[in-house]
Amino acid sequence: MYRLLIRPILFLFDPEKVHYISFSTIKFLSKIGLSGLFKSMFLIEDKRLERELFGLKFKNPVGLAAGFDKNAVLYNELSDFGFGFVEIGTLTPKPQDGNPKKRLFRLKADHAIINRMGFNNHGVFEAAEKLKKEHRVLIGGNIGKNKVTPNNEAIKDYLICFDALFDHVDYFVVNVSSPNTPGLRELQDKEPLMALLNELQLENSKLSTRKKTIRKPILLKIAPDLTDSQLLDIIEIVDTTKIDGVIATNTTISRENLKSHALLIEEAGGLSGAPLKNRSTEVIRFLAEKSNKSFPIIGVGGIHSAEDAIEKLEAGADLIQLWTGFVYEGPGLVKKINKALLEKASN
Ligand SMILES: Cc1cc2nc3c(=O)[nH]c(=O)nc-3n(C[C@H](O)[C@H](O)[C@H](O)COP(=O)(O)O)c2cc1C
């Protein structure tokens, strides 16, 4: 029904407008009591889907990737579509508008999206307020830096976000891999990355001691465009800084093997969806094999079917996330994946 009826209508309109209209619609339908209907349609609860990772119990391994609910306004309602976890953000200390519109493009022929949103968000403090209400799902807090903050002061921004969200999220994601904030990806280099993660770990220990609580798992989100030697550096950095895992991957700047119109392909920004699938799986497999699977990996990039999800898990991912596939295939995709995982578990 989604692909035949709803998607063709949604795809007639501007993608960013559709995103916000969908948010208002979901919020409204949930408010008038349709939450239960969504749950009965999409949610599968089964012990065999549960996963325990970095001290957290995930109800199922399928999460919503960062960038969908940037401002933490819809995480509970989105969990009704069957997600085992929802990652909010990327959040920055100060609110910022992001890049000028248009900045989000559908590449329909490729089942893909190009975005150059540029961390548009209402700022971490507003999100922290929104997160004070009860959570029906595990929440990841994806954090970044403001565009105006130079890289040599970036640590400060990440620390502000870490402190503001510490009481309100279940795990953290350090985003240094978005292609849409100038210079951000330079923070993936060994030296600045070590410094950033060490500082965050220090803050983690300080806050957990002061608040007499457990430390929060910290994950690093990486780009699919890193070379093998940079990926080996990442493995070493995870080992040295003792962070809890890696999210692979963010969007790509590559434009290989696309069928869409040249004008669309040339739009600046990060490419997500089906064309990213193989590279993201390759990165997951490389990290898992070269590290002897020494840390958890969340696999994301181009998952549009249950088979794509299983491929990521078999390559070494412990959990997976969706973004573009959720838009192209609809909310039924989460259930399809969980059903396929259950079938696999009973074989
Ligand atoms: C419009 C859009 C906005 C995004 N914003 C963020 C973001 O703020 N932070 C982040 O870490 N990833 C962001 N992402 C990347 C996704 O979380 C995901 O890593 C990527 O899209 C690959 O997964 P997919 O192929 O399932 O979309 C964004 C993706 C899209 C399409």
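Residues numbered from 1 in each chain as written. Predicted model: local features only at pLDDT ≥ 70, side-chain atom pairs only at ≥ 80, totals over all residues. Heavy atoms only, no water.

This is how it is decided: UniProt positions are given in the numbering used here, feature names are shortened, and annotations may be inferred rather than shown by experiment.
Under an unreviewed UniProt entry, the name given to the chain is Dihydroorotate dehydrogenase (quinone), and the organism recorded is Maribacter arcticus. The Pathway (unreviewed entry) comment attached to the chain in UniProt states, word for word, "Pyrimidine metabolism; UMP biosynthesis via de novo pathway; orotate from (S)-dihydroorotate (quinone route): step 1/1."

Quick word on helix α10 (residues 306-315)
Put simply, the rule reads: Burial classification: accessible surface area is computed with a 1.4 Å probe over protein chains only, and a residue below 20% of its type maximum counts as buried, one above 50% as exposed, and the rest as partly exposed. Think of it this way: any DSSP run of H or I at least four residues long counts as a helix, any run of E at least two long counts as a strand, and we number them from the N terminus. Whether two residues are in contact is decided by their heavy atoms: any pair within 4.5 Å suffices.
The buried count for α10 comes to seven of ten residues, which makes it a mostly enclosed element. Among the residues of α10, those classed as buried are Ala306, Asp308, Ala309, Ile310, Lys312, Leu313 and Ala315. Turning to α10, the residues buried within the fold contact α9 (277-290), β12 (297-300), β13 (319-322) and α12 (332-345). Taken from the residues just after α10, Gly316 is the one with a positive phi, measuring 130°.

Overview of the site of the ligand
The condition that has to hold: Throughout, near means a residue has at least one heavy atom within 4 Å of the molecule or strand. Pairing of N or O atoms within 3.5 Å defines a polar contact, subject to two protein rules: one partner must be a possible hydrogen donor and the other a possible acceptor, and residues neighboring in sequence count only if both atoms are side-chain atoms. Surface accessibility follows the Shrake-Rupley procedure with a 1.4 Å probe radius. Residue values consider only the protein chains on display as shielding. In this analysis a 1.4 Å probe is tested at points of a 1 Å grid over the protein atoms alone, and where it fits but cannot get out there is a cavity; an open set with protein on both sides within 12 Å along at least five of seven lines is a pocket; lining residues have an atom within 4 Å of a point. To be counted as sitting in a cavity or pocket, a molecule needs more than half of its atoms within 2 Å of that site's grid points.
Around the ligand, a shell composed of 23 residues is seen, among which Ala66, Thr90, Gly273, Gly302 and Thr324 lie nearest. Asn142 places a side-chain nitrogen or oxygen 3.0 Å from an oxygen atom of the ligand. Between the ligand and Lys221 there is a distance of 2.9 Å, counted from an oxygen atom to a side-chain nitrogen or oxygen. For the ligand, whose unbound accessible area comes to 610 Å², protein coverage reaches 98%. The pocket occupied by the ligand, as judged from atoms lying within 2 Å of grid points, is the second largest pocket.

Points about the sheet that holds strand β4 (residues 85-91)
So the rule is basically this: At least two bridges found by DSSP between two strands are what make those strands a pair. Helix axes use the C-alpha atoms of the stretch in contact, all axes being lines fitted to C-alpha atoms, and the angles between their N-to-C directions lie in the range 0 to 180 degrees.
In space, the eight strands of this closed barrel follow the order β3-β4-β7-β8-β9-β10-β12-β13, with parallel pairing throughout. Each neighbouring strand pair of the sheet contributes to a mean axis angle of 25°, computed without reference to strand direction. The sheet contact formed by β4 and strand β7 (residues 138-143) spans five bridges and is parallel. Within β7, the residue paired with Phe85 across the bridge is Leu138.

Brief notes about the environment of Ile320
When you line up the elements, Ile320 lands in strand β13. Judged by relative accessible area, Ile320 falls into the buried class, the value being 0%. Along the chain, Ile320 and Val300 lie 20 residues apart, while their C-alpha atoms are 5.7 Å from each other. With residues near it in sequence (within four places) discarded, Ile320 still touches Pro61, Val62, Gly63, Phe85, Ile298, Gly299, Ile303, Ala309, Lys312, Leu313 and Ile337.

Considerations on the packing of helix α7 (residues 228-241) against α9
Here is the rule we go by: Any angle from 65 to 115 degrees is called roughly perpendicular, while one under 35 is roughly parallel, one over 145 is roughly antiparallel, and all others are oblique. For any pair of crossing helices, the crossing counts as left-handed if the nearer helix is rotated counterclockwise from the farther one by less than a right angle, and right-handed if it is rotated clockwise. Any residue that is not Ala, Val, Leu, Ile, Met, Phe, Trp, Tyr, Cys, Pro, Asp, Glu, Lys or Arg is counted as polar, Gly included; the first ten are nonpolar and the last four charged.
Remark: α7 packs on α9, axes separated minimally by 10 Å, with the N-to-C direction vectors making an angle of 50°. Considering the angle they form, α7 stands oblique to α9. Crossing of α7 against α9: the hand is right-handed. The residues of α9 that touch α7, namely those facing Asp228, Leu231, Leu232 and Ile235, are Arg279, Val283, Phe286, Leu287 and Lys290. Grouping the amino acids of the contact of α7 with α9 by side-chain chemistry returns six nonpolar, no polar and three charged.

A short note on the pairing of strand β6 (residues 112-115)
Going residue by residue along β6, you find Ala112 and Ile114 tucked away on one face and Ile113 and Asn115 tucked away on the opposite face as well. Here strand β5 (residues 104-107) runs beside β6; their pairing, made up of four bridges, is antiparallel. Considered in β6, the bridge of Leu107 is made with Ala112. Where β5 folds back onto β6 in an antiparallel hairpin, the turn is made up of four residues, including His111, whose phi is positive at roughly 50°. In this sheet, strand β11 (residues 270-273) lies alongside β6 in antiparallel orientation, the contact comprising four bridges.

A short note on the layout of surface pockets
The condition is simple: Grid points are joined across faces, edges and corners, and a volume is the space filled by probe spheres set on the points.
The volume enclosed by the largest pocket comes to roughly 1000 Å³. Taken together, 34 residues line the largest pocket, and the ones lying closest to its centre are Tyr2, Ile6, Leu10, Ser22 and Pro331. Of all elements in the fold, only α1 (2-10), α2 (15-42), β5, α11 (324-329) and α12 reach the threshold of two or more residues within the lining of the largest pocket. It is α2 that provides the largest number of residues to the lining of the largest pocket, a total of 13 residues. Among the residues making up the lining of the largest pocket, the classes are represented as 25 nonpolar, five polar and four charged. The space that makes up the second largest pocket amounts to roughly 730 Å³. Ala66, Gly67, Phe68, Lys70 and Trp323 are the residues nearest the centre of the second largest pocket, which is lined by 48 residues in total. Among the secondary structure elements, those contributing two or more residues to the lining of the second largest pocket are α2, β3 (62-69), β4, β6, β11, β13 and α11. With five residues, β3 is the largest single contributor of residues to the lining of the second largest pocket.

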